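Observations on the three-dimensional arrangement
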Amino acid sequence: MSRGTDGWTLIASDGPLQVWRGPGEGPALVAAHGIEDSWKNWRELTGKVPGYTPYALQLPWHGGNDYTWPAGGGPADWLRRALALVPEQPKVLVGHSFGANAILEHLSTLEGDPELDAVLLVAPFYRPADFPLSEPLRLRSLAAFRRVLVDGLRVSLGSKAGRMDPEVLSLMEHKLLGRAVPAGFPVFYDAFEASGHHDLSRITVPTLVLVGRGDEGMTPMRAAALDRAMPAATLRIKPNYGHFCHMEQTEEMSAETIAFLRAPRSAADSPEGGTTVTELLDGQPTSYVGSPRYEGANIRTWIGFKHFMYLVEEGVLQYFRDRGVGARDIYHRYGLGLEIVDSSVQLPVALEAEEQVYATVVSAKPKPGQGAPFNVTLTVEREGETVTTLKGKVRVALVAVKDGSGSEPVPAILEPYVVPDVSALTNSAKATLPVPAGSSVADVLAPEGSGAYLWDWRAPYYYCHFSDRLQHSAYIRTMEEVVDRFLADRGLAVGKLLDERGWIPVVSRARVQMVSDIYMEETVHTVFKVEDILKDTMYTARMDCYVRRGDSLELAATGTIMHGYAISRGENAGTVAVLDEATQQTLLGGAA
């Protein structure tokens, strides 16, 4: 025997195989690690699952191996040899990634009763037998394999990774990839190719399968295929889980594991793994992790406000998916379009290209007929601190769609937020302006001397939702473009101010509210006007979008924006630009 750390003891070994026993009492729970991983990474999770004696296996695909082990047998063969070294009959098997697939192969080919109470598989990978192999799939799998190796290294280093010299960490990653990818990827890909050929229907042990939504090894389509192929499995796709969730989301995963082990049979029999959403606005937060699109890095590597809003939208969509009512299902099952109808945001600091952004979405208190309200926060991690880059309020309505009769009745959790069209919302600031005979739209919306700027444009299909009408993000794009057009028209074009003064445009607040609908290929009349100058550094402006129907203009969307400039060069670089009198007069409608 060899004493390890945290009370763990090496109790058996045979060549590359080791069996480590941890502190605990009860039936044996045996854990199998993934490729380029270690038995050590099970210590924290198993320590949070009471009532079992934990065993962790060191398998030949551990970190640093030379990949000669396949000559001695497949993953299931090696797993069986390791299990034979465990001094008592396992009652629970737990596997991660490559180890999870070894368990699947072991159980699907085993003759006789495995004498197990339960199985837990974390982040397995799966390819249905009818899913064609192709060069694009192989290349995508290679990229995913490389990402997993790098992520695994960083997770294993823990807090050390953040304190290391970036060049040293990069060198470690480079050496790992250089050693493990050429030899390890063919082994992984062979197992991936074979995974759909195992007869998973032979497995009768209640099995909980936990996967992260963004894990490439188990896409939602492939996860659904595994769920169909394995009747004993309870599949749960977790939006916040990563590939190494047993190390990164230990608290949540241990609670889920404990609940499953208490009643594995009932979990397998219950709908959606025993979870049923009864309330949409439940007060519980949803998280979404993403990065701004590269398209938004228009000035240096700073991201434009439109792309903040896109991340907000993704967070809101994730909120609905987490509650089992994603936008696609809402459309096809209930004939409704999920539409953000109002967004109001503050942008306290800049966002950079390639930053990882964490969105948190929490429901707010609803008011009848005004849609489902949410509070949204975007944060990034900089220099060891969490920095808020956006605070916002968003409202969502579920709008009846033109071609969507829906195949099912609308569930009770969605009913309060359903409207026949956007104008039916009780807080829509409806407005209609008459167009007198002999007058033009410009005469009504931007009369001479008003200081208003008018831009007419056609609503293209790629700004629309549900084959029908303009979506919220179309008005966000319109806000961005009408500001640019207005400034150019006034002789204050963004490029000109960058060249002549080193001024960088900055947006600190924005709001866009949909009031009624504009339909595909209608003409949108957008009017923009600066309303005020604040402290000689910022201006506030208003945008209204109208559509003409007959002899009147109907307001479809309204918005406000607070805009200013930062100085990018010279002795005042990094400070806020002061708007001189001439610039202020030009913005307010005076002569350029």
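What counts as what
- Residues numbered from 1 in each chain as written.
- Predicted model: local features only at pLDDT ≥ 70, side-chain atom pairs only at ≥ 80, totals over all residues.
- Heavy atoms only, no water.
- Helix = DSSP H or I, 4+ residues; strand = E, 2+ residues; numbered from the N terminus.
- Buried < 20%, exposed > 50% of the residue type's maximum accessible area, 1.4 Å probe, protein only.
- Contact = heavy atoms within 4.5 Å.
- Areas by Shrake-Rupley, 256 points an atom, 1.4 Å probe, with all protein chains shown as cover.
- Lys, Arg positive; Asp, Glu negative; His and termini not counted.
- Charge placed at Lys NZ, Arg CZ, Asp CG, Glu CD.
- Axes fitted to C-alpha atoms, helices over the stretch in contact; angles between N-to-C directions.
- Parallel < 35°, antiparallel > 145°, perpendicular 65-115°, else oblique.
- Left-handed = near helix turned anticlockwise from the far one by under 90°.
- Nonpolar A, V, L, I, M, F, W, Y, C, P; charged D, E, K, R; others polar.
- Disulfide = S-S within 2.5 Å.
- Pairing = 2+ DSSP bridges.
- Core = buried A, V, L, I, M, F, W, Y, C linked by side-chain atoms within 4.5 Å.
- Phe/Tyr/Trp six-rings, centres within 6.5 Å; stacked < 30°, edge-to-face > 60°.
- Lys NZ or Arg CZ within 6 Å of the ring centre and 35° of its normal.
- Bend = angle between axes of the 7 residues up to and from the residue.
- Polar contact = N/O pair within 3.5 Å; in protein donor to acceptor, adjacent residues only side chain to side chain.

Remarks on the overall build of the protein
A count of helices and strands for the protein gives 16 helices and 25 strands. On the principal axes, the C-alpha backbone points of the protein span a range of 90 × 60 × 45 Å. Looking at the protein as a whole, 52% of its 592 residues are labelled buried. The long-range fraction of contacts in the protein, counting pairs at least 24 apart against all pairs at least 6 apart in sequence, stands at 74%. Per element, the accessible surface of the protein, about 26900 Å² overall, is 50% carbon and sulfur. Positive and negative side-chain charges in the protein, numbering 56 and 73 respectively, have mean positions lying 2 Å apart.

Structural notes on the packing of helix H4 (residues 135-157) against helix H6 (residues 166-194)
The N-to-C vectors of H4 and H6 enclose an angle of 130°; their axes lie 9 Å apart at closest approach. Considering their axes alone, H4 and H6 lie oblique with respect to each other. Here the hand of the crossing between H4 and H6 comes out right-handed. Together, Leu 137, Arg 138, Ser 141, Leu 142, Phe 145, Arg 146, Leu 149, Val 150, Leu 153, Arg 154 and Leu 157 of H4 and Leu 169, Met 172, Glu 173, Leu 176, Leu 177, Ala 180, Val 181, Gly 184, Phe 185, Phe 188, Tyr 189 and Phe 192 of H6 make up the contact between the two elements. Here the residues of the contact of H4 with H6 sort into 17 nonpolar, two polar and four charged.

Some thoughts on the state of the cysteines
Under the defined criterion, the tally for this structure stands at zero disulfides. There is no disulfide at Cys 545, and the cysteine sulfur nearest it, in Cys 464, is 13 Å away.

What to know about the packing of helix H11 (residues 305-322) against helix H14 (residues 472-489)
Packed helix pairs are characterised by how far apart their axes lie and by the angle those axes make with each other. For the pair H11 and H14, the least separation of the axes is 10 Å and the interaxial angle reads 170°. Classified by the angle their axes make, H11 and H14 are roughly antiparallel. Once H11 is placed against H14, the crossing between them reads as right-handed. Facing H11, whose interface residues are Phe 305, Lys 306, Met 309, Tyr 310 and Glu 313, H14 presents Ser 473, Ile 476, Arg 477, Met 479 and Glu 480. The residue inventory of the contact of H11 with H14, partitioned by class, reads five nonpolar, one polar and four charged.

Things to note about the pairing of strand S13 (residues 336-346)
For S13, the tally of buried residues reaches nine of eleven residues, placing the bulk of the element in the interior. As paired strands, S13 and strand S16 (residues 385-400) are joined by ten bridges and run antiparallel to one another. Among the inter-strand pairings, Asp 342 is bridged to a residue of S16, identified as Arg 395. Pairing analysis gives five bridges linking S13 to strand S22 (residues 503-514), with the strands arranged antiparallel. Bridge pairing in S22 places Ser 344 opposite Arg 511.

Some thoughts on the nonpolar core
By size, the foremost hydrophobic cluster in this structure holds 86 residues, and its most contacted members are Leu 280, Phe 320 and Leu 470. The residues touching Phe 320, leaving out its near neighbours within four places in the chain, are Leu 280, Val 325, Gly 326, Ile 330, Leu 338, Phe 374 and Val 396. Membership of the second largest hydrophobic core comes to 61 residues, among which are Phe 98, Leu 149, Phe 185 and Val 209.

Comments concerning the side chain of Ser 568
Secondary-structure assignment places Ser 568 in the loop between strand S25 (552-567) and helix H16 (581-587). Setting aside residues no more than four positions away along its own chain, Ser 568 makes contact with Arg 300, Gly 502, Ile 504 and Ala 573.

Considerations on the packing of aromatic side chains
Across all of its chains, the model carries 25 aromatic pairs by this definition. Ring geometry for Tyr 319 against Phe 374: centres 4.7 Å apart, planes inclined by 65°, an arrangement best described as edge-to-face. In this pair, Tyr 319 is assigned in helix H11 and Phe 374 in strand S15 (residues 372-382), connecting sequence segments 55 residues apart. Under the relative-accessibility criterion, Phe 374 is labelled buried at 1%. An aromatic cluster of three or more residues is present, and its members are Trp 61, Trp 69, Phe 98, Phe 125, Phe 145, Phe 185, Phe 188, Tyr 189 and Phe 192. Here Arg 222 stacks its cationic end above the ring of Phe 131, 5.6 Å away from the centre of that ring.

Quick notes on unusual backbone geometry
A positive phi angle is found at Glu 115, which is not glycine, with a value near 55°. With respect to the helices and strands, Glu 115 occurs in the loop between helix H3 (98-109) and strand S7 (118-122). Residue Glu 115 is classed as partly exposed on the basis of its relative accessible area, which comes to 42%. Of note, Lys 535 is a non-glycine position whose phi angle comes to about 55°, a positive value. Residue placement: Lys 535 occurs in the loop between strand S23 (523-534) and strand S24 (538-549). Note on Lys 535: relative accessible area 79%, which makes it exposed.

Here we look at H6
The largest bend in H6 is about 50°, located at Val 181, with the proline Pro 182 one to four residues further on. Its side-chain oxygen placed 2.8 Å from the backbone nitrogen of Glu 167, Asp 165 serves as the N-cap of H6.

Considerations on the environment of Thr 250
You can see Thr 250 is positioned in helix H9 (residues 250-262). Accessibility expressed as a relative area gives 4% for Thr 250, which makes it buried. Sequence separation of Thr 250 and Val 394 is 144 residues, and the distance between their C-alpha atoms is 31 Å. Excluding its chain neighbours within four sequence positions, the residues that come into contact with Thr 250 are Glu 44, Leu 45, Lys 48 and Cys 245.

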